[in-house]
Amino acid sequence: MKIQVDLATCKAYANCMIEAPDHFDFNDTTGKVMILKDEVEPSEVDEVKRAISSCPVSALSLSD
Amino acid sequence: MSNASDLLIIGGGLASISVIRELRDAGDKRSITVLTDEKTPPYDRPPLSKQFLLAQMDEEEIGIFRDGEMASLDVLWKQQYRAVSLDPDELCIGGVDDGRAEAFTWSAKDIVIACGARPRVPLGLGGEVLTLRTLVDARRLRGRFSEGAKVLIIGAGFIGLELASSAHEMGCDVTVVEAASAPLSRVLHDRVGSWFVDFHRRNGVDIRCGRMVQRLSRQGTQSMVEFDDGLIQTFDTVVAGVGVQPVTDWLEGSGIDLDNGIVCDGRGETSRPHVWALGDVANWPHPMTGARERVEQWQAAVDQGRTVAQALMGKSAEWSSIPYFWSDQHGSKIQFAGRSSKDVELTNPTEDTLAVIFCEGDVGVGIFTVDQPRKLALGRRLLAQGGDLRRLRQLLT
């Protein structure tokens, strides 16, 4: 599965970074999310899904 | 008309949806019915005082469900179904289908109550005082916050301050009146509150603390307001953000414990088995202190929803995540994690940013930042790991 992000929607809450720090970080230069790894292994799906639903503006999604 | 489901959820907001998403994600296939008294599909509340009010997002965009998600969750969603009674022995809800003006009953193996809270209205003032909780309220305010309108906001909590920011951005002449000596005093420390007074004043909002509205009366299309210092002023629109109270009147005498909301254990179960509650209506043990609290946070609705779902599936569950909320005011990102305390350390306060550590002895228990999302995120992790004060100081300075 792959992480998709709508950067225009990202409002830098950084909730995703808290939930799944291996996949998400905060880019100080752009002030937006930085996707460290867009591929999600089956063992990582739960954590990444929590990160995605923790985004207050729904800027993240998962595709197959 | 009598009905039954495996799981019955009262309330169609974020908390309910969080429970459903967690169950379906885990592959749980039980039948789920949601009863909500609202007439619209579920929407997210935080944008109501911000992006929706400012017309940066429309009604479709604030919807909680992603495209196609509602259908894929396989939930029976009943709008305008208002619950009026609970029988915790029979596990049955009695209510009214407001669409058809018909009574109904609905039984289930588990009942989850997430019917939220309603705004308090300052009593005995007279005149017209608006509030903001629902989409209907927000649509009304969109019209009332017109360019040049004189707006009075009663209450400098998060709702009041966000409304003040939005109204100002919409071209209104905004005054905020707050009874306490500083804004946000219920949730934060006075020293943090006073930074907010300067912040809002710099951004063109007149904030008056230690001041109350004595009386209001309609004068044509306006409100004449008398303050407790004798000052009398006229406003076009008056909105109160003075807190909410849990919607529990329909549960009085039902047999479940009520005390500042529905009393629950750390998994969300009420005083009666198979009856659960979460979100703004529910009083849970605080994950950091164990003390009972009704936590009115978006993040709590999400996390408690996951906890209840896990418990419903018979898995061990306890709400343990660090409480977190955010607020957007005058384009600044305000964030808070953990809990507040009497002792605060303000690190490097400038006009534009602020970072605060709340401590108890030599442990950090909460952090508060303005426009420092990365530090807040890293700080949240430190709090979850025990709140090492030295490392928190290093992070925020």
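See the structure shown above.
Predicted model, so just to flag it, every value in this text is computed and none were measured. Per chain, residue numbering runs from 1 following the sequence as it is written. Chain labels run from A onward and ligand labels from 1 onward, assigned in the order the entries are written. Residue-level local features of this predicted model are given only where pLDDT is at least 70; pairs of side-chain atoms are given and counted only at 80 or more, and the full residue set underlies all totals for whole chains, interfaces and linings.

This brings us to the overall build of chain B. The numbering of helices and of strands both runs from the N terminus, where a helix is a DSSP run of H or I of at least 4 residues and a strand a run of E of at least 2. Helix and strand content of chain B: eight helices and 24 strands. Whereas a compact globule of 397 residues would reach a radius of gyration of roughly 21 Å, chain B reaches 22 Å, a difference of no more than 12%. Computation of the radius of gyration draws on C-alpha atoms alone. For the globule rule, the value is 2.2 Å times the number of residues to the power 0.38.

Here the focus is the sheet that holds strand β18 (residues 282-285) of chain B. Residue and element names in this part refer to chain B. At least two DSSP bridges between two strands are required for those strands to pair. Strand order in the open sheet formed by three strands is β16-β18-β19, with mixed pairing between adjacent strands. Of all the strands in the sheet, the pair left with one neighbour each is β16 (262-263) and β19 (292-293). In this structure, β18 lies alongside β19, joined through two bridges in antiparallel fashion. Across the sheet, residue Pro285 finds its bridge partner in β19, namely Arg292.

Right, let's talk about the packing of helix α7 (residues 373-384) of chain B against helix α8 (residues 389-396) of chain B for a bit. Residue and element names in this part refer to chain B. Axis definition: a line fitted to C-alpha atoms, over the contacting stretch in the case of helices. Angles run 0 to 180 degrees between N-to-C directions. Taken N-terminus to C-terminus, the directions of α7 and α8 make an angle of 175°; their axes are 10 Å apart at the nearest point. Overall, the two elements α7 and α8 adopt an arrangement that is roughly antiparallel. Each of Lys375, Leu378, Gly379 and Leu382 in α7 lies in contact with α8, whose residues at this interface are Arg391, Leu392, Leu395 and Leu396. By residue class, the composition of the contact of α7 with α8 is five nonpolar, one polar and two charged. Angles are sorted into four bins: roughly parallel if under 35 degrees, roughly antiparallel if over 145, roughly perpendicular if 65 to 115, and oblique for all others. Any pair of residues counts as being in contact when their C-beta atoms, constructed from backbone geometry, are within 7 Å of one another. The residue classification treats Ala, Val, Leu, Ile, Met, Phe, Trp, Tyr, Cys and Pro as nonpolar and Asp, Glu, Lys and Arg as charged. All others, Gly included, are polar.

Residues and elements named next belong to chain B. Read across the open sheet, the five strands follow the order β20-β21-β24-β23-β22; overall the sheet is antiparallel. Strands with a single pairing partner mark the edges of an open sheet, and in this sheet they are β20 (324-329) and β22 (343-347). The sheet shows a mean angle of 20° between the axes of neighbouring strands, taken without regard to direction. Of the strand pairs in this sheet, strand β23 (residues 354-360) and strand β24 (residues 363-370) are connected by seven bridges, and their pairing is antiparallel. For Glu360, the partnering residue across the bridge sits in β24 and is Val363.

Moving on to the pairing of β20(B). Residue and element names in this part refer to chain B. Here the C-beta atoms are placed from the backbone, and a residue counts as buried if at least 20 other C-beta atoms lie within 10 Å of its own, exposed if 12 or fewer do, and partly exposed otherwise. Buried residues dominate β20, accounting for five of its six residues. One ladder, built from six bridges, connects β20 with strand β21 (residues 332-338); its direction is antiparallel. Paired with Phe325 across the two strands is Phe336, which belongs to β21. From the end of β20 to the start of β21, which pair antiparallel, there are two residues, and His330 there has a positive phi angle of about 50°.

What follows concerns the interface of chain A and chain B. Contacts between the two partners involve 11 residues from chain A, matched on the other side by 13 residues from chain B. Listed by contribution, the elements that provide at least two residues to the side of chain A that touches chain B are α1 (15-19) and α2 (45-53) of chain A. Residues that form the side of chain A that touches chain B fall into these classes: seven nonpolar, two polar and two charged.

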